[in-house]
Amino acid sequence: MANRHSDDTSPLHPDTLSVHAGRAIDTDTGAVTPPIHMSTTFQRDADGDYSRGHVYARHSNPTRSQLENCLARLEGGAGAMAFASGSAATMAVLQLLRPGDHVLLTEDCYHGTRHQLDTIFRPWGIECTRVDTSDTDAVATAFRPRTRLLWIESPSNPLQRVSDLDALAELARARDVITACDNTVATPVFQSPLRHGIDLVVHSTTKFLGGHSDLLGGAVIHREGFPLAGALRNIQTAGGAVPAAFDCWLLLRSISSLGVRVRAQAATAVSLAHRLDCHPEVSAVFHPMHPGHPHHERARACMPGGSGLLSFTVRGGGDVARRIAVETRLFTRATSLGGVESLIEHRASIEGPGTRTPDNLLRLSVGLEHGDDLWRDLDGAITRASR
Ligand SMILES: *Cc1c(COP(=O)(O)O)cnc(C)c1O
């Protein structure tokens with residue numbers, strides 16, 4: 001296998017890395033598209049060594065290694081670990097903690113992350129506090145002597161608050177606290193947390209990176225010199241929550257078109273946000289690239305484009321919101337985000353009891369359909385549901 005860029009160290013644009021990084025021309029056949037290596041085990045050399053680098057597929061597999069190299073380059077990291085889901089990637093980071101440790105996490109972060117901390121890690125003696133990480137001062141006062149991890153999701157979900165990653169990384173570094181940023185929503189196309197001094201980037205690759213709602217995956221990417229990189233690799237390979245070779249291959253295939261997809265999705269999301277903002281039945285719109293957003297300026301600086309995700313609230317309340325999700329035709333009523341097809345979701349319903357998400361809020365994941373068609377669908381549904 002020959003890496004296409006083995007002797008090229010000049011920085012490449014993310015769009016180029018998306019197509020080339022980690023990929024290799026198959027030296028045996030010349031295949032341009034990498035083969036899928038399904039083998040779970042690899043031949044030992046006559047002298048007992050494994051000079052070709054792979055032993056057993058839980059530890060590494062050529063297809064997974066290609067994906068991990070691609071993800072590391074895309075995020076500007078020193079290494080990446082692929083997992084069977086975004087939740088498994090989150091678990092791996094949390095498993096770096098010890099009983100007695102304390103975690104600070106974004107108040108409206110992905111509800112599954114909070115759920116893991118509450119139901120799995122609290123019984124292991126790990127405390128956590130939710131804080132609005134878009135408010136740097138609030139974070140500064142929330143650290144405790146045993147705080148070990150600052151978990152940031154930016155933009156947050158569903159309120160799309162944007163955190164100042166530079167400032168948070170500095171606060172954490174001064175206190176010897178690990179920083180992790182869930183970059184699932186912004187993607188490396190719009191935000192590069194490691195370049196802002198963050199230690200770890202976490203992805204649910206199920207979303208925009210996978211992009212077609214047909215694979216489940218996750219990843220952790222670490223900065224150069226991250227002292228616990230070996231511990232993380234051990235959690236991945238000894239823990240075994242690794243993705244199948246086929247899913248790695250499918251994900252690499254999807255990442256090739258990441259920039260084109262995500263920029264189109266974000267542009268349509270911004271145009272829908274503007275149109276929704278003018279709708280008489282809509283009370284608020286949440287998208288970082290919408291000029292009315294409280295963190296609009298910060299977002300323009302650190303995540304130009306925002307994402308293909310947006311939320312809005314309706315004047316008619318929760319029942320009208322739920323009816324809108326029934327009335328749309330092009331927006332499918334389903335959870336998840338980042339696929340080529342548009343989705344609509346009443347978030348409070350899926351987050352369940354204890355959620356702080358407003359009952360009159362709907363979240364849209366904008367796909368690759370034409371914005372005019374999406375708007376007609378949405379506008380019609382809002383009008384019918386508000387009658
Ligand atoms: C979906 C999601 C996750 C969890 O990922 P899975 O692949 O569903 O396990 C984590 N963080 C964010 C922001 C997500 O949207």
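Everything that follows concerns the structure shown earlier in this document.
Novice: Sorry, what's going on with the pattern of salt bridges here?
Specialist: This structure, assessed with the given rule, holds 21 salt bridges. Between Asp 101 and Arg 148 there is a salt bridge whose closest N-O contact spans 3.8 Å. Of this pair, Asp 101 sits in the loop between helix 3 (86–94) and strand 4 (102–106) while Arg 148 is found in strand 6 (residues 147–153), placing the two residues 47 residues apart along the sequence. Here Glu 127 makes a salt bridge to Arg 144, at a shortest N to O gap of 3.8 Å. Taken together, the residues Glu 127 in strand 5 (residues 127–131) and Arg 144 in the loop between helix 5 (136–142) and strand 6 connect sequence positions 17 residues apart.

Novice: I keep staring at the sheet that holds strand 6 and nothing clicks. Help me out?
Specialist: Pairing in this open sheet of seven strands is mixed, and the strands run 3-9-8-7-6-4-5 from one edge to the other. Looking at which strands have only one partner, the edges of the open sheet turn out to be strand 3 (79–83) and strand 5. When strand polarity is set aside, the average angle formed by the axes of neighbouring strands in this sheet is 20°. Packed onto the sheet, helix 2 (residues 62–75) meets strand 3, strand 8 (200–204) and strand 9 (218–222) and runs at close to 125° relative to strand 3. Running over the sheet, helix 8 (residues 229–239) touches strand 3, strand 8 and strand 9 and is turned about 20° from strand 3.

Novice: Is there a simple way to explain the pairing of strand 9 in this structure?
Specialist: A regular strand carries its side chains on alternate faces of the sheet. With respect to burial, strand 9 is a largely interior element, five of its five residues being buried. On strand 9, burial covers both faces: Gly 218, Val 220 and His 222 on one face and Ala 219 and Ile 221 on the other are all buried. Judged from the five bridges that link them, strand 3 and strand 9 form a sheet pairing that is antiparallel. Residue pairing for strand 9: Met 81 is matched across the bridge by Val 220. Bridging between strand 8 and strand 9 involves five bridges; their strand directions are antiparallel. Each residue of the ladder has a partner; that of His 203, found in strand 9, is Ala 219.

Conventions adopted
- In every chain, residue numbers begin from 1 and rise along the written sequence.
- In keeping with the predicted nature of the model, local features appear solely for residues at pLDDT of at least 70, side-chain atom pairs appear and are counted solely at 80 or more, and the whole-chain, interface and lining totals rest on all residues.
- With hydrogens and water set aside, each side-chain value is computed from the structure's full complement of heavy atoms.
- The salt bridge definition used is simple: a Lys or Arg side-chain nitrogen within 4 Å of an Asp or Glu carboxyl oxygen.
- We count a stretch as a helix when DSSP gives it H or I for four or more residues in a row; a strand needs E for two or more, and each element gets its number in order from the N terminus.
- The pairing criterion is simple: DSSP has to find at least two bridges between the two strands.
- Only the stretch in contact is used when fitting a helix axis, every axis being a line fitted to C-alpha atoms; angles between N-to-C directions are given from 0 to 180 degrees.
- Two residues qualify as a contact provided that any one of their heavy atoms is within 4.5 Å of a heavy atom in the partner residue.
- Categorising residues by exposure relies on relative accessible area from a 1.4 Å probe, with only protein chains included: less than 20% of the type maximum marks a residue as buried, more than 50% marks it as exposed, and the intermediate range marks it as partly exposed.

Read these as spatial facts, not as claims about activity.
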